[in-house]
Amino acid sequence: MEQTKKKRGGPKELWRKFLVSLKRRPQMIPLAVLVGGFLFYSLNLMHISDTTARIQGPGMGLAGFATMLFSMLSFMCFLNAFPYRKKTNVPMLILMYVLLAIVIGADAYYISAIWAAISRPENPITVTHETIYIVYAEYYLRIHIGILAVGAALTALLPVYSKWLRKIKTSVDVGDNGSMEALDISGEA
């Protein structure tokens with residue numbers, strides 16, 4: 001009895017079930033990347049907020065707000081673009097790409113505002129040990145842009161790797177002892 005429990009719930013079976021779920025819904029791969037990017041941005045928001053408060057450049061707060069808002073809206077568009085067991089909703093997919101472009105643009109604007117504040121001729125912001133969060137904010141925004149670009153590329157390449165995923169063999173081999181031919185399923189006794 002214990003051997004069957006180990007066999008059913010073993011790592012190989014869990015991996016097989018994971019692959020089966022990916023074969024059925026391969027769009028979960030780019031969604032996981034986009035959610036990971038949103039979590040990365042959200043968990044490092046303290047550095048970005050501190051940078052906004054320190055530099056107080058024009059539109060920096062709005063760029064941070066736009067990043068959060070349009071990231072969440074892009075998730076909704078993504079989920080509506082790939083409904084379960086239906087064709088892809090192309091207008092929602094296009095809207096998702098527009099929202100991702102706005103988020104990347106907001107991040108790029110924020111990075112340019114940081115550089116403008118550091119390199120301006122009069123009263124430049126100097127990065128010291130107390131203001132090292134400015135460097136962290138720029139670094140994390142660059143990583144966030146990279147994660148979003150990977151998520152957008154994975155979404156665009158979805159038809160390609162979903163075909164590859166379908167080729168993976170996930171069926172379970174059922175042992176046959178040769179007595180399957182002897183079974184009478186006709187119902188006549």
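Up top is the structure.
Conventions and cut-offs
- Residues numbered from 1 in each chain as written.
- Predicted model: local features only at pLDDT ≥ 70, side-chain atom pairs only at ≥ 80, totals over all residues.
- Heavy atoms only, no water.
- Salt bridge = Lys/Arg side-chain N within 4 Å of Asp/Glu carboxyl O.
- Helix = DSSP H or I, 4+ residues; strand = E, 2+ residues; numbered from the N terminus.
- Core = buried A, V, L, I, M, F, W, Y, C linked by side-chain atoms within 4.5 Å.
- Buried < 20%, exposed > 50% of the residue type's maximum accessible area, 1.4 Å probe, protein only.
- Contact = heavy atoms within 4.5 Å.
- Phe/Tyr/Trp six-rings, centres within 6.5 Å; stacked < 30°, edge-to-face > 60°.
- Axes fitted to C-alpha atoms, helices over the stretch in contact; angles between N-to-C directions.
- Parallel < 35°, antiparallel > 145°, perpendicular 65-115°, else oblique.
- Left-handed = near helix turned anticlockwise from the far one by under 90°.
- Nonpolar A, V, L, I, M, F, W, Y, C, P; charged D, E, K, R; others polar.

**Q** Any chance you could break down the pattern of salt bridges for me, citing the residues and the numbers?
**A** Under the definition given, this model contains one salt bridge. Between Arg142 and Glu138 there is a salt bridge, and its shortest N-O distance comes to 2.8 Å. Taken together, the positions of Arg142 and Glu138, both in helix α7 (residues 133-156) and four residues apart, correspond to about one turn of that helix.

**Q** Summarise the nonpolar core; cite the residues concerned and give the values.
**A** Inside soluble globular proteins, nonpolar side chains tend to come together where they are buried. Of all hydrophobic cores here, the largest spans 37 residues; its most connected members are Leu34, Ile55, Met96, Tyr110 and Ile114. Where this core is concerned, the elements lending two or more residues are α3 (28-43), α4 (45-55), α5 (60-81), α6 (90-119), α7 and α8 (158-166). Sorting elements by how many residues they give to this core places α6 first, with 11 residues. Here Ile55 is in contact with Met60, Ala113, Ile114, Ala117, Ile125 and Ile134, once residues within four sequence places are set aside.

**Q** So what about the packing of aromatic side chains? Which residues, and what values?
**A** Applying the stated rule across the entire model yields five aromatic pairs. Judged by centre distance (5.7 Å) and plane angle (85 degrees), the ring pair of Phe40 and Tyr140 falls under edge-to-face. Separated by 100 residues along the polypeptide, Phe40 in helix α3 and Tyr140 in helix α7 bring together distant segments of the chain. The class of Phe40 is partly exposed, set by a relative accessible area of 22%. Judged by centre distance (6.2 Å) and plane angle (25 degrees), the ring pair of Tyr136 and Tyr140 falls under stacked. Within this pair, Tyr136 and its partner Tyr140 are both found in helix α7, separated by four residues, close to a single helical turn. Overall, the relative accessible area of 36% leaves Tyr136 in the partly exposed class. In this structure Tyr140 comes out as buried when scored by relative accessible area, which is 19%.

**Q** Go over unusual backbone geometry with me, naming the residues and quoting the values.
**A** Glycine aside, negative phi is the norm for most residues, and most peptide bonds take the trans geometry. Although it is not a glycine, Gln56 sits at a positive phi angle of roughly 55 degrees. Structurally, Gln56 can be placed in the loop between α4 and α5. Given the relative accessible area of 62%, Gln56 is considered exposed. Although it is not a glycine, Asn123 sits at a positive phi angle of roughly 55 degrees. With a relative accessible area of 62%, Asn123 lands in the exposed category.

**Q** Before we move on, can you summarise the packing of α6 against α7 with the specific residues and values?
**A** Packing of α6 against α7 leaves a shortest axis separation of 10 Å and a crossing angle of 160 degrees. Taken together, the axes of α6 and α7 are roughly antiparallel relative to one another. In this structure, α6 meets α7 at a crossing whose hand is left-handed. Partitioning the contact of α6 with α7 into residue classes produces 19 nonpolar, two polar and three charged.

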